[in-house]
Amino acid sequence: MPRVLLIEDDPSVREGVELGLRRRGHELRAVETGEAGLGALAEFRPDIVLLDLMLPGMNGVQVCRRIRESSQLPIIMLTARGDDFDVVVGLEAGADDYIVKPARTEVIEARIRAVLRRLAEPAGRSGIEFHGELVVDRAGLSVAKAGERILLAPSELKLLLHLSASPEQVFSRQQLLEYVWEHSYHGDARLVDACVRRLRQKIEDVAGSPRYIQTVRGFGYRFGPLV
């Protein structure tokens, strides 16, 4: 079962999530602050982090950015509100998904499993592909540009694998939500848009003038043109 690091300062939420996931067989470490969470990463070695957005001291956005400096460890943000500002700030910091509190244990576990599958399931064909300076290794689940490896979060990697598997094909935001995030309902397009922005910052020469991931206005995205 996935090892879960829970960083949450609200005792009632922390205890409820901890009890629910432990009952389902997860090994879990629960801490109250961002500083304690960062300290627990090396010692506990979790498979995924559940991270409260509104923490005292070092907040969830700061913790997320610190993790993303050196790790592709999956991160799910926990937020008490689903408004645009909270959600977008968390996603822009590098979170792979978010859950609005309170949430049932089965919902949290389903999101955990969905995020972890992104690390284990290459999209489309296997092999190494060269797209100009961008090299995509589908079997090795790695990406490099100009010889330098690019560290991608699970959602970023799966999105890139999916788009690049079908060059020039246009995918709607809903199609990408269903494939990458496994949100089969009419989901939150902010997940897709925030992930695309983060991905562009990492693989494009100029994020504002994308060479690889093109926006199809009013619909979605495509990969290309190839160079």
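Residues numbered from 1 in each chain as written. Predicted model: local features only at pLDDT ≥ 70, side-chain atom pairs only at ≥ 80, totals over all residues. Heavy atoms only, no water.

Asks: Summarise the overall build of the chain; cite the residues concerned and give the values.
Replies: Check the secondary structure of the chain and you find eight helices and twelve strands. Over its C-alpha atoms the chain spans a radius of gyration of 17 Å, differing by no more than 12% from the 17 Å that the globule rule assigns to 227 residues. Counting only C-alpha atoms, the chain reaches 55 × 35 × 30 Å along its principal axes. Looking at the 227 residues of the chain, the share that counts as buried comes to 50%. By sequence separation, contacts in the chain at least 24 residues apart represent 58% of the contacts at least 6 residues apart. About 10,200 Å² of surface is accessible on the chain, with carbon and sulfur atoms providing 51% of the total. (Helix = DSSP H or I, 4+ residues; strand = E, 2+ residues; numbered from the N terminus. Rg over C-alpha atoms; globule rule 2.2 N^0.38 Å. Buried < 20%, exposed > 50% of the residue type's maximum accessible area, 1.4 Å probe, protein only. Contact = heavy atoms within 4.5 Å. Areas by Shrake-Rupley, 256 points an atom, 1.4 Å probe, with all protein chains shown as cover.)

Asks: Report on the nonpolar core, specifying residues and quantitative values.
Replies: What tends to happen in soluble globular proteins is that the nonpolar side chains get buried as a cluster. In terms of nonpolar packing, the biggest core is built from 50 residues, with Ile7, Leu51, Leu134, Leu159, Leu160, Ile203 and Ile213 touching the most fellow members. Considering each element in turn, this core owes the most residues, seven residues, to helix H8 (residues 189–203). Ranked by size, the runner-up nonpolar core spans 14 residues in total, among them Leu28, Ile108, Ile112 and Val115. (Core = buried A, V, L, I, M, F, W, Y, C linked by side-chain atoms within 4.5 Å.)

Asks: Before we move on, could you go through the packing of aromatic side chains and cite the residues and values that matter?
Replies: The description of an aromatic ring pair rests on the distance of the ring centres and on the angle between the ring planes. Taken as a whole, this structure holds one aromatic pair when the rule is applied. Judged by centre distance (6.1 Å) and plane angle (20°), the rings of tyrosine 212 and phenylalanine 223 are stacked. Taken as a pair, tyrosine 212 in the loop between H8 and strand S11 (213–216) and phenylalanine 223 in strand S12 (residues 220–223) lie far apart in primary sequence, eleven residues in all. The ring centre of phenylalanine 44 lies 4.4 Å from the NZ or CZ of arginine 3, which sits over that ring. (Phe/Tyr/Trp six-rings, centres within 6.5 Å; stacked < 30°, edge-to-face > 60°. Lys NZ or Arg CZ within 6 Å of the ring centre and 35° of its normal.)

Asks: Can you break down the sheet that holds strand S5 (residues 97–100) residue by residue, with the values?
Replies: Strand order in the open sheet formed by five strands is S2-S1-S3-S4-S5, and the pairing between neighbours is parallel. Edge strands, defined here as strands with exactly one partner in the open sheet, are strand S2 (28–31) and S5. Strand-to-strand twist of the sheet, defined as the mean angle between neighbouring strand axes without regard to direction, takes the value 20°. Where helix H1 (residues 11–23) meets the sheet, it contacts strand S1 (4–7), S2 and strand S3 (48–52), and its direction lies at approximately 175° from that of S2. Those strands touched by helix H2 (residues 34–44) are S1, S2 and S3, and its axis lies near 170° from that of S1. (Pairing = 2+ DSSP bridges. Axes fitted to C-alpha atoms, helices over the stretch in contact; angles between N-to-C directions.)

Asks: Break down the side chain of arginine 200 for me, citing the residues and quoting the values.
Replies: Here arginine 200 is to be found in helix H8. In this structure arginine 200 is buried but unpaired, with glutamate 204 as the nearest side chain of opposite charge at 5.0 Å. Within polar-contact distance, the side chain of arginine 200 engages the backbone oxygen of isoleucine 213 at 2.8 Å. Among the polar contacts listed, one links the side chain of arginine 200 to the side chain of threonine 215, at a separation of 2.7 Å. When neighbours within four sequence positions are excluded, arginine 200 is seen to be in contact with Ala207, Pro210, Ile213, Gln214, Thr215 and Tyr221. (Lys, Arg positive; Asp, Glu negative; His and termini not counted. Salt bridge = Lys/Arg side-chain N within 4 Å of Asp/Glu carboxyl O. Polar contact = N/O pair within 3.5 Å; in protein donor to acceptor, adjacent residues only side chain to side chain.)

Asks: A description of the sheet that holds S12 should follow, citing residues and the corresponding values.
Replies: Taken together, the three strands give an open sheet; going across it, the order is S10-S12-S11, and neighbouring strands pair in antiparallel fashion. Edge strands, defined here as strands with exactly one partner in the open sheet, are strand S10 (171–172) and S11. Where S10 meets S12, two bridges bridge the pair, whose relative direction is antiparallel. Following the sheet pairing, serine 172 is matched in S12 by glycine 220.

Asks: Tell me what's going on with the environment of phenylalanine 44, and back it up with residues and numbers.
Replies: Mapped onto the elements of the fold, phenylalanine 44 is located in helix H2. The exposure class assigned to phenylalanine 44 is buried, which follows from its relative accessible area of 3%. For the pair phenylalanine 44 and leucine 28, spaced 16 residues apart in the sequence, the C-alpha separation amounts to 9.0 Å. If we skip the residues at most four places from it in the chain, phenylalanine 44 touches Arg3, Val4, Leu5, Glu27, Leu28 and Arg29.

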